[in-house]
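A structural walkthrough
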Amino acid sequence: MRKGVMRPGHVQLRVLDVEEALKHYRDLLGLIEVDRDDQGRVYLKAWTEVDKFSVVLNPSDRPGMDFMGFKCLNEETLDNLKNDLVEFGCQVQEIPVGELKGCGRRVRFDAPTGHTFELFATKEQTGKWGLSNVNPEAWPMDLKGMKATRFDHCLLYGDDLDNTLTLFCEVLGFDLAEQVLDENNQRAAQFLTASMKAHDIAFIKHPEKDKFHHASFYLDTWEEVLKAADLISMTDTSLDIGPTRHGLTHGQTIYFFDPSGNRSEVFCGGDYHYPDHEPVTWTTEKLGKAIFYHDRQLNERFLTALT
């Protein structure tokens, strides 16, 4: 049952060198730098996003994800969900208005996998980059690099998938769109959506808590994914794997690393999900095909390179 979480709102990533990171997120991925703050954080957005920002780069001595935020329908929804999170047993903290520039108050909570998430309802809306809401052109002419259209999802690794599934589905109103089951019928992976997308957040079973696999950005076409592969080679960016297709979600994809070692994905296509759809299930015996549909072989670095 949907409870008013609309979509991913932002992700804050730790980077070792902000200016080097900007070569990746701004110049290569094509996100637009929109602001900086007195903590040294840099704010970026993709060109179709109406909110002020969706990616925050936080200077740090180690890579990884600080938190991921989801946008709620309104402030009343945020209050209701905060109460539900407390009742579920999460450690909940209210972050004041303006701690992230242009963002309203945020409700921060921990998931059983050890990851930190946030909910918010209010963020300054600056509109699509370079386009009007009245008679808009097809796209802005000053875009860079891969021209990513939106921050789409994160894939995270952690230990307690069952209680995390309960948290996201029963408390926050997500649906289980796709899953991987092992030989004992235990869930090894879960892909969760608050929308019609194949997933807004995904988790893989892993013995350690709070591990980050990748942040993903959407492109419109397979041709743009192939162009992204060209740009990765042109800039000598560290490639993980692709271009290829997933079996899970059927998205067409390529993975690569930022200078700090955080993995990025750009992809196009993918399945859709309605609330009345049954979860799609893969089994671990077909895991190679589930992850890399074409060559059907697991890539050890893809499974183990985490931040």
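For the structure itself, consult the block above.
Residues numbered from 1 in each chain as written. Predicted model: local features only at pLDDT ≥ 70, side-chain atom pairs only at ≥ 80, totals over all residues. Heavy atoms only, no water.

1. Brief notes about a nonpolar patch on the surface
A surface patch of nonpolar side chains, amounting to about 340 Å² of accessible area, comprises Met196, Tyr272 and Tyr274. In this structure, Tyr274 sits in the loop between β16 (263–269) and β17 (280–283). (Patch = residues over 30% accessible without salt bridge, like charges linked within 9 Å, V, L, I, M, F, W, Y side chains within 5 Å. Areas by Shrake-Rupley, 256 points an atom, 1.4 Å probe, with all protein chains shown as cover. Salt bridge = Lys/Arg side-chain N within 4 Å of Asp/Glu carboxyl O. Helix = DSSP H or I, 4+ residues; strand = E, 2+ residues; numbered from the N terminus.)

2. Points about the packing of helix α2 (residues 75–88) against helix α3 (residues 161–171)
One way to put it is that α2 packs onto α3 with a least axis distance of 11 Å and a crossing angle of 150°. As summarised for this structure, α2 and α3 are arranged roughly antiparallel, according to the angle between their axes. Judged by the twist between their axes, the crossing of α2 over α3 is right-handed. Facing Leu81, Asp84, Leu85 and Phe88 of α2, the residues of α3 in contact are Asn163, Thr166, Leu167 and Val171. Residues of the contact of α2 with α3, tallied by class, amount to five nonpolar, two polar and one charged. (Axes fitted to C-alpha atoms, helices over the stretch in contact; angles between N-to-C directions. Parallel < 35°, antiparallel > 145°, perpendicular 65-115°, else oblique. Left-handed = near helix turned anticlockwise from the far one by under 90°. Contact = heavy atoms within 4.5 Å. Nonpolar A, V, L, I, M, F, W, Y, C, P; charged D, E, K, R; others polar.)

3. With respect to α2
The end-to-end C-alpha separation of α2 is 20 Å, in line with the 20 Å expected for 14 residues at 1.5 Å each. All buried positions along α2 are accounted for by Thr77, Leu78, Leu81 and Leu85. Taken end-on, α2 shows its buried residues confined to a sector of 95°, consistent with a single buried face. Across from the buried face of α2, at angles greater than 90 degrees, the exposed residues are Glu76, Asn83 and Glu87. Among the structural elements, β1 (5–15), β5 (64–72), β6 (92–95), β7 (106–110), β8 (116–120) and α3 are those in contact with the buried residues of α2. Sitting at the head of α2, Asn74 places a side-chain oxygen 3.3 Å from the backbone nitrogen of Glu76. Positive phi appears at Gly89, one or two residues downstream of α2, with a value of about 110°. (Expected span 1.5 Å × (residues − 1). Buried < 20%, exposed > 50% of the residue type's maximum accessible area, 1.4 Å probe, protein only. Arc of directions from axis to C-beta. Polar contact = N/O pair within 3.5 Å; in protein donor to acceptor, adjacent residues only side chain to side chain.)

4. Some remarks on the nonpolar core
With 61 residues, the main nonpolar core has Leu57, Phe117, Leu119, Cys154, Phe168, Leu172 and Ile201 as its most contacted residues. No other element matches α3, which puts six residues into this core. Once residues within four sequence positions are removed from consideration, Leu119 is found in contact with Val5, Phe70, Cys72, Leu78, Leu81, Leu85, Arg105, Arg106, Val107, Phe109 and Leu172. Counting 16 residues, the second-largest nonpolar core is a separate cluster that includes Leu155, Val180, Leu248 and Phe292. (Core = buried A, V, L, I, M, F, W, Y, C linked by side-chain atoms within 4.5 Å.)

5. Observations regarding the pairing of strand β12 (residues 201–205)
For β12, the buried fraction is high: four of the five residues fall into the buried class. One ladder, built from five bridges, connects strand β9 (residues 150–158) with β12; its direction is parallel. Bridge assignment links Tyr157 to a residue of β12, and that residue is Ile204. By the bridge criterion, four bridges tie strand β11 (residues 187–193) to β12 in an arrangement that is antiparallel. The residue of β12 that forms the bridge with Phe191 is Ala202. (Pairing = 2+ DSSP bridges.)

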